[in-house]
Each structure stands twice: as structure tokens, then as C-alpha cells.
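One letter stands for each residue in the lines below.
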Amino acid sequence: MNSPVNSPVNPPASSDRVTALIADDEAPMRAQLRARLQESWPALEIVAEAGNGIEAVELAGAHEPDIVFLDIRMPGMSGIEAARLLFNRCHLVFVTAYDQYAIEAFEQGALDYLLKPVGGERLRTTCSRLQARVGQQPQDITRQLGALLAQHSAPPKREYLRWIQAQVGQNLRMISTREILFFQADEKYTRVCTAQGEVLIRKTLKELADELDPDEFWRIHRSTLVRVDAIDSVGRDLRGRQMVRVKGVEAALEVSRGNTHLFQQM
């Protein structure tokens, strides 16, 4: 018969004492992990708790734990930076609220991770893996830590405007930028044109240009922003002006001389 999900994992075959250190800058998170570990692995002894990476390294040196649970984001020294000083001395488990850090390095078996809030089958699996490794020399995970540190240190990806709010009568309409064909300045307002029609908003074209993804919307004129994949064709009118035709829209949009370079390859 299968064991219930919340039952403790089997203790290691060896009777040797197994110790661990928990490092997290939030005391409630440390307490929560300690409690879940007590449920899943009652024999595991938590010998110390650290509030940051620097403390984690110092306490690991003093207590020499078999396992260190490291929160990735901590002040002073991150869990990844601390891991680079600890990986050859103990087995490591990263604890994070950020799923994007569960990259390939984790899945190769050399590193393990837990997502907050910690618990359930994932914790049981991690405890089972650790039991199999305790007593063995920790693996050399220099390469995986380097990749993880590079990802962690990268500047966060910018979030661009994805929704436009427009007042329509007494209602507030939410328009996805994927629906918008183009924006055009109209005196004190900006026209938002979609396949279903158009609405007016008070946000200026300059504000929109700063907030929209430049790979999705091009400013073809000081008064016009057009969604790139809504463009049907680019040509010239009888006066020699470059004009953009948008899918499903009869009128063409003028391209200013300063922006003709956008269509040099067209």
C-alpha cells in the first residue's frame, strides 16, 4: 500500500545524526520550513537558522551541517552567492518564491529546490533525495551555480503596457494592446483604433510610446503609433509620401521622413 502524501519519509539507513541549517531573511518562512521538515523528516536536526547569506556561511562554518536550505533572495549576500562558498562542504537546497529560478541546473539532480510555501509531495521528494546523498561527497556544482547566478543577476525584464483603459459612456473598457491597430493623436486626446471601432483616451502619444513594447508598436509619425503585425503594406502616394496600410482599415497612415528607415527592408 502506498504511503500517504503527508506521512514522514523513511529515515536514512545509517543511524548517524543528520543536521541542517535554514537560511531565510523572513523569520515566518524559517519557522514554516522548520515545521514542514519536522513533519516530513522528524529525525533531521535543525542546528541553526540564519537571516542572510553572510550569517549562513558563518553558521555553516561553526556547525558544519550536512544540509543547508538557502533562500535565494536575501540581503547582504544572496543564497546563490553563499552557495558558492558552501557547495563543497554540504548538500544544498534552494528555497524560493520565484519559479523562474527553477532552471535546468535544478533539474539535472546536482541542485534541488523548494518553492514557497514549502510542503507537500515536493518536500517529501527533496527529503528522499537528500537521504540518498547524506554521507556522500557533495557534487561539484560550480557550473550550475554560475548559470544560476548569471540569471539571478540579470536585470529584470521590463514590463510593457498590455491593457488600455478607455471610458465609454458610464463604463470603463479594457482593451488589450493585441487588439489595437494603431494610435493617433487627436488634439487633447489619442484615438485608439481597433477592428471593432475606435475610442478616445486622455493618455498622450508620448506617454504611450514610452510604455508600449517598441518591438510591437512603431512610431511612424509624431502623431501615429502603429502595431507592427497589423501592417498590411507600405507604399507611396501621388505626392511621394510613404504610406502605411493597416489590415482592415481603408485609410492609409503617413510615415514621416524621419521614420522612413523603419521600412528600408520592405
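- If you look the protein chain up in an unreviewed UniProt entry, it shows as Response regulator from Duganella qianjiadongensis.

## Side note on the overall build of the protein chain
- Helices and strands together make up the secondary structure of the protein chain, namely 7 helices and 15 strands.
- Within the protein chain, buried positions represent 42% of all 266 residues.
- Within the protein chain, contacts between residues at least 6 apart in sequence are counted, and of these 55% link residues at least 24 apart.
- Split by element, the accessible area of the protein chain, about 15300 Å² in all, is 48% carbon and sulfur.

## Brief notes about the pattern of salt bridges
- In total, this model carries 17 salt bridges according to the counting rule given.
- We note a salt bridge from Arg 129 to Asp 112, for which the minimum N-O separation is 3.3 Å. With a gap of 17 residues between them, Arg 129 in helix α5 (residues 120-133) and Asp 112 in strand β5 (residues 112-115) connect regions that are remote in the sequence.
- For Asp 112, a relative accessible area of 0% corresponds to the buried category.
- The residue Glu 198 makes a salt bridge to Arg 191 at a minimum N-O spacing of 2.8 Å.
- Judged by its relative accessible area of 47%, Glu 198 is partly exposed.
- According to the relative accessible area criterion, Arg 191 is buried, its value standing at 18%.
- Residues joined in a network through salt bridges with shared partners are Arg 162, Arg 178, Asp 213, Glu 216, Arg 227 and Asp 229.

## Here's the deal with helix α3 (residues 79-86)
- Inspection of α3 places Gly 79, Ile 80, Ala 82, Ala 83 and Leu 86 among the buried residues, and these make up the whole buried set. Relative to the axis of α3, the buried residues are bounded by an arc of 155° and lie together on one face.

## Here's the deal with the environment of Ile 164
- In this structure, Ile 164 sits in strand β6 (residues 163-168).
- Taking relative accessible area as the criterion, Ile 164 reaches 2% and is therefore assigned buried.
- Beyond its immediate chain neighbours, meaning those up to four positions away, Ile 164 contacts Arg 173, Met 174, Ile 175, Thr 177, Ile 180, Phe 183, Val 192, Ile 201 and Leu 208.

## Here we look at the pairing of strand β11 (residues 217-221)
- As paired strands, β11 and strand β12 (residues 224-227) are joined by 4 bridges and run antiparallel to one another. Among the inter-strand pairings, Arg 219 is bridged to a residue of β12, identified as Leu 225.
- Between the antiparallel neighbours β11 and β12 lie 2 residues.

## Side note on the packing of aromatic side chains
- Overall, the coordinates contain 2 aromatic pairs when judged by the stated rule.
- Judged by centre distance (5.6 Å) and plane angle (65°), the rings of Trp 218 and Phe 263 are edge-to-face. Here the residue Trp 218 occupies a position in strand β11, and Phe 263 occupies one in the segment after β15 (252-254), the gap between them amounting to 45 residues.

Reading the values: rules and limits
- Residues numbered from 1 in each chain as written.
- Predicted model: local features only at pLDDT ≥ 70, side-chain atom pairs only at ≥ 80, totals over all residues.
- Heavy atoms only, no water.
- Helix = DSSP H or I, 4+ residues; strand = E, 2+ residues; numbered from the N terminus.
- Buried < 20%, exposed > 50% of the residue type's maximum accessible area, 1.4 Å probe, protein only.
- Contact = heavy atoms within 4.5 Å.
- Areas by Shrake-Rupley, 256 points an atom, 1.4 Å probe, with all protein chains shown as cover.
- Salt bridge = Lys/Arg side-chain N within 4 Å of Asp/Glu carboxyl O.
- Arc of directions from axis to C-beta.
- Pairing = 2+ DSSP bridges.
- Phe/Tyr/Trp six-rings, centres within 6.5 Å; stacked < 30°, edge-to-face > 60°.

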